Amino acid sequence: MALSGRTLLVAVDTWEPYVSFPREAETNRSHFTGAAADAFTMMANKLNFTFRLVRCVDGIWGTHFGNGTFNGMIGMVVRGQEVDMALGPFIQTHERNVYIDFSDALVTDGTGIFLPRPGIKKDLSNFLKPFSVGVWTALLISVLVSSLMAIFLRVTEKKFEENPTVLKKNPENFPSQLERVRKTVMKLKLLGSDWVFPATRHRATAQRGKLLADRVLRGTWLLMSVVLGAAYCGALTSLLAAPYVRIPVNSLHDLVKSDIKFASEVGSAVNEMLNRADSGVMMEVAKRMSIVESCYNSRFDIKSGNLAVLCDYISMTKVISEEFSENASCSYYIARERFSTGSLSFVFPKKSYLKPIFDKELNKMIAGGMISELIQRYTPNSTACLVAPGSEPGRQRVFVYTVKDLGGVFILLVTGESRVA
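What you see is a predicted model, and the numbers here were worked out from it, not measured in a lab. (Residues numbered from 1 in each chain as written. Predicted model: local features only at pLDDT ≥ 70, side-chain atom pairs only at ≥ 80, totals over all residues. Heavy atoms only, no water.)

Student: Pulling in residues and values, what's your account of the overall build of the protein?
Tutor: Looking only at helices and strands, the protein has 14 helices and 10 strands in total. Across the 421 residues that make up the protein, the buried fraction comes to 41%. Within the protein, residue pairs in contact and separated by at least 24 positions form 76% of the contacts whose partners lie at least 6 positions apart. (Helix = DSSP H or I, 4+ residues; strand = E, 2+ residues; numbered from the N terminus. Buried < 20%, exposed > 50% of the residue type's maximum accessible area, 1.4 Å probe, protein only. Contact = heavy atoms within 4.5 Å.)

Right, here's the structure in full:
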């Protein structure tokens, strides 16, 4: 074979689900792991060559500075005398392809936003959420209008009680008028008549008018209270039993509108793509983003809620799988939008004789499903957490109400009782 007995110098300095090359791997090859690392090792055994891993000094993928100069692992390949290839794997881009050769793609992967997993946020205003602001405003206005109407009716009633018009016709004969009224009433009672004397009839008519208006007001308010109360109780029970989890970021547009700090991997194809953008949301992302060494190395910052990282899908699922395998918990969330896709490949110098040899073996492995199987081996439990927030495995199905869930209601209750007291 063309490579039999050869020793290849291979640039590598990264951690991904494809390649893990910690410091221990320099002396102990068993630490050299990952889907691409395993595939490369299998090729070495099949083609009977050995290899020596060369750590990249600056530890990045490779950024183009113009005039064909790169840093990172791609720079080591472009210079042509330091290494025979770089493992990566790297996203194929037109700009890179001008200066290096890519092997056939191991896999096609997308790039997304890696975030801390949204959870149920509890606060004392939970009891207000069953109704919208418009409904609460309309309810407040109706309370004010009803209160004003009740006050008006009460004032009218008092004026009538203080100024009975019939008895004021002859105030100087008021005692004799009352005596005649009393005698008349006694006679009518003896006769069993239902007739009411004029002054009493006038007052009773006004009283019935007042009572009718009062009953209409009270009845309308009671009917509205029953309807709103039933709707509120049902909505609040549903909201507390199956709470809605708000997802703050699901796209780049959401990301630039949020106050979340975010970053991309230094020297990556995605980082270069964003930095080249001269308009639109990608330019806004480039203005605000910082850089990190890798998605994996930033996993604890992401988990703590301090950061979001733009990285490839398989790397994200690897972190999720690892955390679920170790802790049986889901602390990460992958936004729905995949804003970029690319083919991942090994990298060779231009016109390298190694490319056709590796392509031949890669095609055999891809056709046999070996690459997919290797990736699956490193992300076995990722699907457990690729569910909607709030429906994770092991999540408490019976919702337990806390002080924050119903705290607002109790505050109103205590306030009302204190006012009554």
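Student: Just give me the short version of the packing of helix 8 (residues 269–276) against helix 9 (residues 280–288), but keep the residues and values in it.
Tutor: Remark: helix 8 packs on helix 9, axes separated minimally by 7 Å, with the N-to-C direction vectors making an angle of 110 degrees. Regarding the angle of helix 8 to helix 9, the classification is roughly perpendicular. Together, Met273, Leu274 and Asn275 of helix 8 and Met282, Val285 and Ala286 of helix 9 make up the contact between the two elements. Of the residues belonging to the contact of helix 8 with helix 9, the class tally is five nonpolar, one polar and no charged. (Axes fitted to C-alpha atoms, helices over the stretch in contact; angles between N-to-C directions. Parallel < 35°, antiparallel > 145°, perpendicular 65-115°, else oblique. Nonpolar A, V, L, I, M, F, W, Y, C, P; charged D, E, K, R; others polar.)

Student: Before we move on, can you summarise the confidence of the model for the protein with the specific residues and values?
Tutor: Across the protein, the average pLDDT comes to 76, with 70% of residues at 70 or higher. Between the elements of the protein, mean pLDDT differs from a low of 53, seen in helix 5 (residues 174–191), to a high of 92, seen in strand 4 (residues 100–102). Scored below 50 in pLDDT, residues 188–204 shows 14 contacts in the model against residues more than four places distant or in partner chains. (pLDDT = per-residue confidence, 0-100.)

Student: I'd like a rundown of a nonpolar patch on the surface, residues and numbers included.
Tutor: Together, Ile141, Val145 and Met149 make up a nonpolar patch on the protein surface, roughly 260 Å² of accessible area in all. As for its position among the elements, Val145 is in helix 4 (residues 133–162). Overall, the relative accessible area of 43% leaves Val145 in the partly exposed class. (Patch = residues over 30% accessible without salt bridge, like charges linked within 9 Å, V, L, I, M, F, W, Y side chains within 5 Å. Areas by Shrake-Rupley, 256 points an atom, 1.4 Å probe, with all protein chains shown as cover. Salt bridge = Lys/Arg side-chain N within 4 Å of Asp/Glu carboxyl O.)

Student: Explain the packing of helix 1 (residues 35–47) against helix 12 (residues 354–367) to me, using residue names and the numbers behind them.
Tutor: Two measures define how a pair of helices packs: the angle their axes make with one another and the distance between the axes. Here helix 1 crosses helix 12 at 115 degrees, and the two axes come no closer than 11 Å. With respect to each other, helix 1 and helix 12 are oriented roughly perpendicular. For the pair helix 1 and helix 12, the crossing hand works out as right-handed. Across from Ala39, Phe40, Met42, Met43, Lys46 and Leu47 in helix 1, the residues of helix 12 making contact are Ile357, Phe358, Glu361, Leu362, Lys364 and Met365. A per-class count over the contact of helix 1 with helix 12 returns nine nonpolar, no polar and three charged. (Left-handed = near helix turned anticlockwise from the far one by under 90°.)

Student: Tell me what's going on with helix 13 (residues 370–378), and back it up with residues and numbers.
Tutor: Regarding helix 13, the residues found buried are Ile371, Leu374, Ile375 and Tyr378. What you see down the axis of helix 13 is that its buried residues fit within an arc of 100 degrees, all on one side. Against the buried residues of helix 13 lie helix 1, strand 5 (107–116), helix 11 (313–327) and helix 12. (Arc of directions from axis to C-beta.)

Student: How would you summarise the side chain of Ser345 if you had to cite specific residues and measurements?
Tutor: For Ser345, the position within the fold is in strand 10 (residues 340–349). For Ser345, a relative accessible area of 0% translates into the label buried. At a separation of 2.5 Å, a polar atom in the side chain of Ser345 contacts the side chain of Gln92. Sequence-distant contacts of Ser345, that is, excluding residues within four places in its chain, are made with Leu87, Pro89, Phe90, Gln92, Phe102, Ser103, Asp104, Ala105 and Leu106. (Polar contact = N/O pair within 3.5 Å; in protein donor to acceptor, adjacent residues only side chain to side chain.)

Student: Quick one: what's the story with the environment of Pro89, residue by residue and with numbers?
Tutor: Looking at the secondary structure, you find Pro89 in strand 3 (residues 85–91). Separated by 53 residues in sequence, Pro89 and Ala36 have C-alpha atoms that sit 7.1 Å apart.

Student: Report on the pairing of strand 3, specifying residues and quantitative values.
Tutor: The element strand 3 is extensively covered by neighbouring structure, given that six of its seven residues are classed as buried. In the sheet, strand 1 (residues 7–12) pairs with strand 3 via two bridges, with the strands oriented parallel. Bridging from a neighbouring strand, Ala11 pairs with Ala86 of strand 3. Here three bridges tie strand 3 to strand 10, and the two strands are oriented antiparallel to one another. Bridging across to strand 10, Ile91 finds its partner in Leu344. (Pairing = 2+ DSSP bridges.)

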